[in-house]
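Spelled out, the chains give:
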Amino acid sequence: MKMRSLHQRKKRKTLQVVVGALIMVAVAVLLPKFFSAVATALMYPVHATSVWLNESEDIIPLFFRERRDLAKEIKKLETDLVASGSKELTMRKMQIENNRLRALLRIDESSYIAAAVIARPNQLPYDLLQIDRGSAHGVEVGAPVFVAGDVVLGLVVHTTLNYSFVELLSSPGFTATAYVLGPNVIAPLEGMGGGVSRIRLPQGVPLRENDLVILPTIQSGVVGVVSYLEQEPTQPEQYGYIPFNVPIASLHYVNVGQVSLISKSSEQIDETVRMWVRTSLDVSDLELQTASSTASSTEVEVDNLTPNQSL
Amino acid sequence: MKLVIGVGAYLLIIISFVQNWLWLCIALVLFFSLRYPSELLIVMAWLIDGYFGNFQTWPWLTTLAIGWFVLVEYFKPLLLTRFSN
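Residues numbered from 1 in each chain as written. Chains lettered and ligands numbered in written order. Predicted model: local features only at pLDDT ≥ 70, side-chain atom pairs only at ≥ 80, totals over all residues. Heavy atoms only, no water.

1. Considering the nonpolar core
Link 1 in the chain: Counting residues in each nonpolar core, the largest one holds 23 residues, and the members touching the most others are Met43(A), Ile13(B), Ile14(B), Phe32(B) and Met44(B).
Link 2 in the chain: Elements with a minimum of two residues in this core: α2 (32-42) and α3 (44-55) of chain A together with α1 (2-18), α2 (22-35) and α3 (40-51) of chain B.
Link 3 in the chain: For this core, the element with the highest residue contribution is α1(B), accounting for six residues.
Link 4 in the chain: Here Met44(B) is in contact with Tyr10(B), Ile13(B) and Ile14(B), once residues within four sequence places are set aside.
Link 5 in the chain: Membership of the second largest hydrophobic core comes to 22 residues, among which are Phe146(A), Leu169(A), Phe174(A) and Leu201(A). (Core = buried A, V, L, I, M, F, W, Y, C linked by side-chain atoms within 4.5 Å. Buried < 20%, exposed > 50% of the residue type's maximum accessible area, 1.4 Å probe, protein only. Helix = DSSP H or I, 4+ residues; strand = E, 2+ residues; numbered from the N terminus. Contact = heavy atoms within 4.5 Å.)

2. A word on the confidence of the model for chain A
Link 1 in the chain: For chain A, mean pLDDT is 81; residues scoring 70 or higher make up 82% of the total.
Link 2 in the chain: Below pLDDT 50 for its whole length, residues 300-311 of chain A participates in four contacts with residues either more than four positions away or in separate chains. (pLDDT = per-residue confidence, 0-100.)

3. As for the pattern of salt bridges
Residues and elements named next belong to chain A.
Link 1 in the chain: Tallied over the entire structure, the rule returns seven salt bridges over all chains.
Link 2 in the chain: A salt bridge links Asp 80 to Lys 76, with the shortest nitrogen-to-oxygen separation between them at 3.2 Å. Here Lys 76 and Asp 80 lie together in helix α4 (residues 59-104), a separation of four residues that amounts to about one turn.
Link 3 in the chain: The shortest N-O distance in the salt bridge between Glu 190 and Arg 198 comes to 2.9 Å. (Salt bridge = Lys/Arg side-chain N within 4 Å of Asp/Glu carboxyl O.)

4. Structural notes on the pairing of strand β3 (residues 144-147) of chain A
Residue and element names in this part refer to chain A.
Link 1 in the chain: Neither face of β3 is left uncovered, since the one carrying Pro 144 and Phe 146 and the one carrying Val 145 and Val 147 both have all their residues buried.
Link 2 in the chain: Relative to strand β4 (residues 151-159), β3 runs antiparallel, the two sharing four bridges. Looking across to β4, one finds that Phe 146 is bridged to Val 152.
Link 3 in the chain: Here β3 folds back onto β4, and the loop between the two strands holds three residues, one of which, Ala 148, carries a positive phi near 55°. (Pairing = 2+ DSSP bridges.)

5. Here's the deal with the pairing of strand β5 (residues 164-168) of chain A
Residue and element names in this part refer to chain A.
Link 1 in the chain: Among the five residues of β5, four are classified as buried, and the element is accordingly described as predominantly covered.
Link 2 in the chain: As judged from the four bridges shared by strand β2 (residues 128-131) and β5, these two strands associate in the antiparallel manner. Bridge pairing in β5 places Leu 128 opposite Glu 167.
Link 3 in the chain: Judged from the five bridges that link them, β4 and β5 form a sheet pairing that is antiparallel. Paired with Gly 154 across the bridge in β5 is Leu 168.
Link 4 in the chain: The hairpin turn running from β4 into β5, its antiparallel successor, is four residues long.

6. Concerning the side chain of Gln130(A)
Link 1 in the chain: Topologically, Gln130(A) is positioned in strand β2.
Link 2 in the chain: Beyond its immediate chain neighbours, meaning those up to four positions away, Gln130(A) contacts Ala116(A), Val117(A), Ile118(A), Ala119(A), Leu124(A), Tyr163(A), Ser164(A) and Phe165(A).

Set out below in structure tokens:
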């Protein structure tokens, strides 16, 4: 009897609470703004605590926030490392295949000259490098300079016996024709200074960040990847900016190629051939000498006259 | 002591919910429901709904809290008698 009344009392209490809560909810739904303001006022200490935890520069919340951010970054970096590890295997396979193809074409890798960098842009003006190899070591003006195998830095512009100056692709006024992988188009490349080059394309060409840019005239040397885009819809052209992917300040060794590594365009070859054809029939030893005749008679032996000569 | 723990757990439930520490929130809700009157969770849910402006639509958290209260009131005596035995 006692148990049953206890059970019924509990049941009644539960019902009362449920009904009370539902009435509270119904009133709050009918007057949402008022009850929201009341709840916000009552929740102010919790709100202040939440702001303190999320935005304060005090040591405890800062510690937990930085720990959480670091853990997130570590996880992201681990994922990136795994992805780049698998890419490295693909790159290695492609490198082996590339070397095999170069061997088949008998491309002589020993034609490169290793050189140390003895002065860099912060010590020299106008995006120049100074290297410790000169004409005595086989460096020629116009030779391309590489780093890490395929990355083109610039061209040799001046040589002395023991050192040379290299003008970087990024030096202002330097121009070249580049090929952009991705949209797969030819684009003019120009140096902007400060280690940055720029390619120029018409609007509408699908240029993206991380598109690879190469110089087909220098053994398809890599310039870099597009890291910043300037795409104003109102402008007819778009620009992609390419910084050096190798920090110039930590560059210590470069490879200097031969001038013959720079391939000529078909127009240049045609012009060279045309010039050779034009001049190949000139014989420099023979000269036409004119003979002068005056009113006084000049004895000429008729037998010695040739058909072209006249009296 | 029981009061202090109760108040602390109550505040921690609200803070952990607002901070999205859901595992801590669930654990504390279970603890609170078994040791203290679970109708207080309805008041808490009502406050949180008001804070997030859920009264403009429907206060789902309060509805959930009412359902949780009914469930706890049904199962709590069973659990307590089992553990006491």
